[in-house]
Amino acid sequence: MKKIGVLLIVFTIGIISSANSQVKNHEIQSVNLQTTKEKAFAYIANPKNLNKWTGAFKEADEKSALLVTPRGELKIGLETKTNRELGTIDWYMTMPDSSIGVAYSRVTTGPDGKAIYSFTLIAPPVPLEQVEGALATQIGQLKEELKKLQVILSE
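I will try to describe carefully the structure that is included in this document. Fair warning: this is a prediction, and the values are worked out from it, not measured in the lab.

Rules and cut-offs
Residues numbered from 1 in each chain as written. Predicted model: local features only at pLDDT ≥ 70, side-chain atom pairs only at ≥ 80, totals over all residues. Heavy atoms only, no water. Helix = DSSP H or I, 4+ residues; strand = E, 2+ residues; numbered from the N terminus. Buried < 20%, exposed > 50% of the residue type's maximum accessible area, 1.4 Å probe, protein only. Contact = heavy atoms within 4.5 Å. Core = buried A, V, L, I, M, F, W, Y, C linked by side-chain atoms within 4.5 Å. Pairing = 2+ DSSP bridges. Lys, Arg positive; Asp, Glu negative; His and termini not counted. Salt bridge = Lys/Arg side-chain N within 4 Å of Asp/Glu carboxyl O.

A separate point is the overall build of the protein. Looking only at helices and strands, the protein has three helices and ten strands in total. Seen in sequence order, the protein has helices and strands lined up from the N terminus as β-β-β-β-α-α-β-β-β-β-β-β-α. Put simply, the protein has 155 residues, and 37% of those count as buried. Intrachain contacts of the protein at a sequence separation of at least 6 include 43% that bridge at least 24 residues.

Generally speaking, nonpolar side chains in soluble globular proteins are found buried as a group. The biggest cluster of nonpolar side chains holds 31 residues, and the ones touching the most others in it are Leu33, Ile44, Trp53, Trp91 and Tyr117. Those residues in contact with Trp91 that lie beyond four places of it in its chain are Ile44, Leu50, Trp53, Leu78, Glu79, Thr80, Gly101, Val102, Ala103, Ser105, Tyr117 and Phe119.

We now examine unusual backbone geometry. A negative phi holds for most residues other than glycine; trans holds for most peptide bonds. Unusually for a residue other than glycine, Ser98 sits at a positive phi of about 75°. By the element assignment, Ser98 lies in the loop between β8 (88-94) and β9 (100-109).

Let us now look at the pairing of strand β10 (residues 115-122). As paired elements, strand β4 (residues 26-33) and β10 share eight bridges and run antiparallel to each other. Bridge pairing links His26 to Ile122 in β10. For β9 and β10, the ladder comprises seven bridges, and the chain directions are antiparallel. Following the sheet pairing, Val107 is matched in β10 by Tyr117. Following β9, the chain reverses through five residues before pairing antiparallel with β10; Gly113 in that reversal takes a positive phi of roughly 85°.

Time to look at the side chain of Lys37. Locating Lys37 in the fold gives a position in helix α1 (residues 37-45). It is Glu38 that comes nearest to the buried, bridge-free Lys37 among opposite-charge side chains, at 5.9 Å. Excluding anything up to four places from it in sequence, Lys37 contacts Arg84, Glu85, Leu86, Gly87, Val107, Thr108, Thr109 and Ala115.

Moving on: the environment of Val68. Position of Val68 relative to the elements: it lies in strand β6 (residues 64-69). Overall, the relative accessible area of 41% leaves Val68 in the partly exposed class. Linking Val68 and Phe57, residues eleven residues apart in sequence, is a C-alpha distance of 6.2 Å.

Turning our attention to the environment of Leu78. Inspection of the secondary structure assignment puts Leu78 in strand β7 (residues 72-83). Those residues in contact with Leu78 that sit more than four places away from it in its chain are Pro47, Leu50, Phe57, Ala60, Asp61, Glu62, Lys63, Ser64, Ala65, Trp91, Tyr92 and Met93.

Function-wise, these values are silent; they only describe arrangement.
So this is what it looks like as structure tokens:
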């Protein structure tokens, strides 16, 4: 049987704004994990593990999180919505100004029986002129976070 190596795929899609210029408002990244879908789902869906594999979360639980931002720490509301059967893990983050940031993800089983984790990063709730800069920063961070998650879940 041929061994399948680790694969990181990045897809990008933009939308057309009213000014008729291309504005990217999300990023989708996925990674193969050397574990089962069930084990990956259990780890990723637990908000208390966010600080172990993400750079933005200093701490998190079922209702709130402490984010580390370039401007300091930020306490937010956090709701994790999951569906084990479908493999979906979605986060809804309520900012101090009541704006809501979202992140959607899914764990599936690949053809080799191992987990594939895909993550849809949505541009943060900032003014349109800041979307590309804020999203570009988060795209690089997400790539590193998925690499870290790969290492954690291969142990």
